[in-house]
Structures are given as structure tokens and as C-alpha cells.
Amino acid sequence: MFTVDWLIAELRGLVSVSGEPIQRLGAYAVEGLVARLASSGSAIYNALRCKEPVLPASMELLSYMHVLYEICPYFKFGYMSANGAIAEAIKEENRIHIIDFQISQGTQWITLIKALADRPGGPPHIRITGIDDSTSAYARGGGLEIVGGRLKMLAQQFKVPFEFHAVGIPASEIQVENLKIQPGEAIAVNFALVLHHMPDESVGTQNHRDRLLRMVKGLYPKVVTLVEQESNTNTAPFFARFVETLNYYSAIFESIDVALPREHRERINVEQHCLAREVVNIIACEGVERVERHELLGKWRSRFAMAGFKPYPLSSYVNGAIKALLGKYSSKYTLEEKDGALYLGWMDRHLVSSCAWR
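Residues numbered from 1 in each chain as written. Predicted model: local features only at pLDDT ≥ 70, side-chain atom pairs only at ≥ 80, totals over all residues. Heavy atoms only, no water.

**Q** Give a description of the overall build of the chain that names residues and reports values.
**A** Within the chain, the secondary structure is distributed over 13 helices and nine strands. In terms of overall size, the chain behaves like a compact globule, its C-alpha atoms giving a radius of gyration of 20 Å where 358 residues would be expected to give roughly 21 Å. Dimensions of the chain, computed from C-alpha atoms along their principal axes, come out at roughly 70 × 45 × 40 Å. Here the chain holds 358 residues, and 55% of them are scored as buried. Counting only contacts in the chain whose residues sit at least 6 apart along the sequence, the fraction spanning at least 24 positions is 75%. Positive and negative side-chain charges of the chain, numbering 38 and 39 respectively, have mean locations separated by a distance of 4 Å. (Helix = DSSP H or I, 4+ residues; strand = E, 2+ residues; numbered from the N terminus. Rg over C-alpha atoms; globule rule 2.2 N^0.38 Å. Buried < 20%, exposed > 50% of the residue type's maximum accessible area, 1.4 Å probe, protein only. Contact = heavy atoms within 4.5 Å. Lys, Arg positive; Asp, Glu negative; His and termini not counted. Charge placed at Lys NZ, Arg CZ, Asp CG, Glu CD.)

This is how it looks when you write it as C-alpha cells:
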């Protein structure tokens, strides 16, 4: 322990939250190691909640999550690719039920509602089931009614028949009866950056990761969309997980470095509240306390196949739209289509993958 304390003190002199990308990531990785030694990782993870935009009816308050949404294309890539697959799968349907397993602000559905408003022959009836737990309610400054109200106003503006069904419980606890499925509706299910939070067979006897996929398959959805971070931290032993975390997040920190100056207060806040909590959780926590459990797309593929799903092709039109989106960002972002999935990367590292199933 004497050697450890000495090394931590040395490391703290080498890292800085306003330094180069590796120094900034290093600052949070060191805190992760300290928290691991003190068994305090879970408390830090819960304290550093990523505050999303608080949305009073009249004004949108910019906050950390919104800054990240604007300066990097990760969220927009995921939302655009998923929405493209959903729009294609339900194009002949008149009653649509979208089940979003982590609705957050509901930002993803703004563009889809607008697009469906222009459908020849008139828009379909849309029902969105928004699932979210108390952590996001804290981030929003209120419950799901804020999201529902915002989407309803938008739908009225574009003359789209709309219903919102709020389910304020953690995604891992969802049962079929919570979803209030109605006869005659076409179902689309959205898993955007949420499934990696579900505990699997390596955590305990309740494998919610696979249970949810089997439950969703039983709904006979037209399409299921998956957006996930392309990283392997779920079952990797500690050292391999530590190295993977450094490699993965250094690419993310480099991409933010290009977008915002190093001394920028908002950048420090974004990294601290939206990324540091993930880094600390992956490094410091084990068992049920380790919530961030990413898997590579190959592993997700086998989980979906085991649940009885078949791949659903992503729309080529959407690929073009995403390429146009990336044109507004650094030329170091890459887009690759491989085996029916899309990968967004930074230089030679895949960071986010998107695919669809039915």
C-alpha cells in the first residue's frame, strides 16, 4: 500500500483535467484506481450524474449532455441510423407503437415525428412508450411528463395523431404488462445506448440482458434498433478492462479536444459529468455495482440471434444522410458499413455501432 500511495501521488502530478486528452482521461483513471482501493466507485458514479437539458415549456437550458450532443456526432449518428430503420419498417403502417427503453429527453423522436408528418396520404397514429428511471428524472429536473408534453406539442404542431405512455421504472425491471400493447399496432423497439446497463449472466442469476431480448421478440416487432458503444468491458478481467477503457476513451477525449478548447469550462464539465463517471465505474466497480458493461457488436449479434432475431438491413438513404452529417465535424471521424451494421469511429477506432433486427 505504501508503494501504491506513492505511485498515485506521482500520477496525480502528471495528469490534469485541462491538459492533453491522455492527461485529462488519466486524471479520471487515477481517481478510478483510488476509488477501487477505497471501494467508493459506486458513490462517485451516482454523484456524477450526467445532467441533460432541463426543459421547461418555454426555454431549453443548455447543459452538459446537450453540449456533448452538439459538439460530437455520436448521439446524432445513433438516432439517425435507428430512425431510418424504423421509418423503413413502418412505412406501410397506420398505427405505430414505438417502445423506447431509455427515452432520456425524447430528442431522438423529434425528427421522426416531423418526417412522418409529411407521409403521402397523411401521417400515421403514433404512440411512444418512454421508459426511464429516477436518475434521468433527476437529470431532467422532472419526470417523464416533461418529455411527453414536449413531444405532444410537437405532434400537434405537425398535425400528427399522438399518444405518450410513460413508464417510470428501470429498463431491467420491465415486464410485458408495463408496455400496454394494443391489438393492431405495428411495434418498433429502440435500444439506444441502454442494453449495456443491463446485468447479464456474469453478474448474477437474473440475466436481464437476454430476458429483455426474449420478451421483445415475443411482441413480434416490425423492427428492433440497437445502438451501442463498441467496447469490450463486460466480462474482461480487471487489467484488460483498464487497458480497453484507456484505449476507447482516449479516442473520445481526442474527438472532444478538436471541438472545444482545453481551458473551456463547459468541456471540463462535459468530460467530468458525462464521461468520468463511466470511466470511474468501469475501473473502480465490480459485480452489481459495475453498471457500465459494454460489449462488442459480435457479442450483441449472438445475443439477438439466440433470442430468435434476424438482421434487418439499414437504409442506404440514411447512410448518405449520416455521411453528410459527419461532413460538419472533424475529418478524423470515420463511417464504415460492415455485415449490415454501421460503425462510427475516430481515426482507426470504432466507437459506436448501429444495427437493426426483426
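Having seen it, we continue.
**Q** So what about the layout of surface pockets? Which residues, and what values?
**A** Its boundaries defined by the atoms lining it, the second largest pocket holds a volume of some 630 Å³. What lines the second largest pocket is a set of 24 residues, among which Asn83, Ala87, Thr111, Leu112 and Ala115 lie closest to the centre. Those elements giving two or more residues to the lining of the second largest pocket turn out to be α5 (74–89), α6 (108–117) and α13 (316–326). Here the residues of the lining of the second largest pocket sort into 12 nonpolar, six polar and six charged. (1 Å grid on protein atoms, 1.4 Å probe; cavity = no way out; pocket = protein on both sides within 12 Å on 5 of 7 lines; lining within 4 Å. Points joined across faces, edges and corners; volume = space filled by probe spheres on them. Nonpolar A, V, L, I, M, F, W, Y, C, P; charged D, E, K, R; others polar.)

**Q** Tell me about unusual backbone geometry, residues and numbers included.
**A** The phi angle at Leu193 is positive, at roughly 55°, despite the residue not being glycine. Mapped onto the elements, Leu193 comes out in the loop between β4 (186–192) and α9 (208–217). The phi angle at Tyr220 is positive, at roughly 55°, despite the residue not being glycine. Relative to the assigned elements, Tyr220 resides in the loop between α9 and β5 (223–229).

**Q** Go over empty space enclosed by the protein, please, and point to the residues and values.
**A** If you roll a probe as big as a water molecule over the atoms, it shows you where there is empty space left. Inspection of the entire model under this criterion finds one cavity of 30 Å³ or more. A volume near 30 Å³ is recorded for the largest cavity. Contributing to the lining of the largest cavity are Tyr74, Phe75, Gly78, Tyr79, Ala192, Leu193 and Val227. Among the elements that make up the lining of the largest cavity, the one with the highest residue count is α5 (four residues). Its residues assigned to classes, the lining of the largest cavity shows six nonpolar, one polar and no charged.

**Q** Describe the pairing of strand β2 (residues 125–131), with residues and values.
**A** Burial runs high along β2: seven of the seven residues are buried. Alternating residues of β2 divide into His125, Arg127, Thr129 and Ile131 and Ile126, Ile128 and Gly130, and every residue in both groups is buried. Two strands pair when backbone bridges link them, and strand β1 (residues 95–100) and β2 are joined in this way by six bridges, in the parallel orientation. Counterpart to Arg95 in the pairing with β2 is His125. Since β1 and β2 lie parallel, the crossover through α6 that links them has a hand, and here it is right-handed. (Pairing = 2+ DSSP bridges. Right-handed = clockwise from strand over helix to strand, strands pointing away.)

**Q** Tell me about the pattern of salt bridges, and please be specific about residues and values.
**A** The full count for this structure, using the stated rule, is 18 salt bridges. For the salt bridge of Glu295 with Arg209, the shortest nitrogen-to-oxygen distance reads 3.1 Å. In this pair, Glu295 is assigned in the loop between α11 (265–284) and α12 (297–306) and Arg209 in helix α9, connecting sequence segments 86 residues apart. Arg209 shares its class with Glu295; the two are buried. Put simply, Asp200, Glu201, Arg209, Asp210, Glu295 and Arg303 are held in one network by salt bridges that share partners. (Salt bridge = Lys/Arg side-chain N within 4 Å of Asp/Glu carboxyl O.)

**Q** Give me the lowdown on the side chain of Lys76, citing residues and values where you can.
**A** Residue position: Lys76 is located in helix α5. The exposure class assigned to Lys76 is buried, which follows from its relative accessible area of 16%. Apart from residues no more than four positions distant in its own chain, Lys76 is found in contact with Tyr69, Glu70, Leu325 and Tyr329.

**Q** Describe the environment of Arg303, listing the residues and the values that go with them.
**A** In this fold, Arg303 is placed in helix α12. When the C-alpha positions of Arg303 and Arg214 are compared, they lie 9.5 Å apart, and in sequence the two are 89 residues distant. Excluding residues that lie within four positions of it along the chain, Arg303 makes contacts with Asp200, Glu201, Asn207, Arg209, Asp210, Leu213, Asn234 and Glu295.

**Q** Just give me the short version of the nonpolar core, but keep the residues and values in it.
**A** Of all hydrophobic cores here, the largest spans 73 residues; its most connected members are Trp109, Ile113, Ile128 and Leu151. Beyond its immediate stretch of four places on either side in the chain, Leu151 contacts Gly106, Trp109, Ile110, Ile113, Ile128, Phe162 and Phe164. Grouped together as the second largest cluster of nonpolar side chains are 29 residues, Ile99, Phe101, Ala171 and Leu297 included. (Core = buried A, V, L, I, M, F, W, Y, C linked by side-chain atoms within 4.5 Å.)

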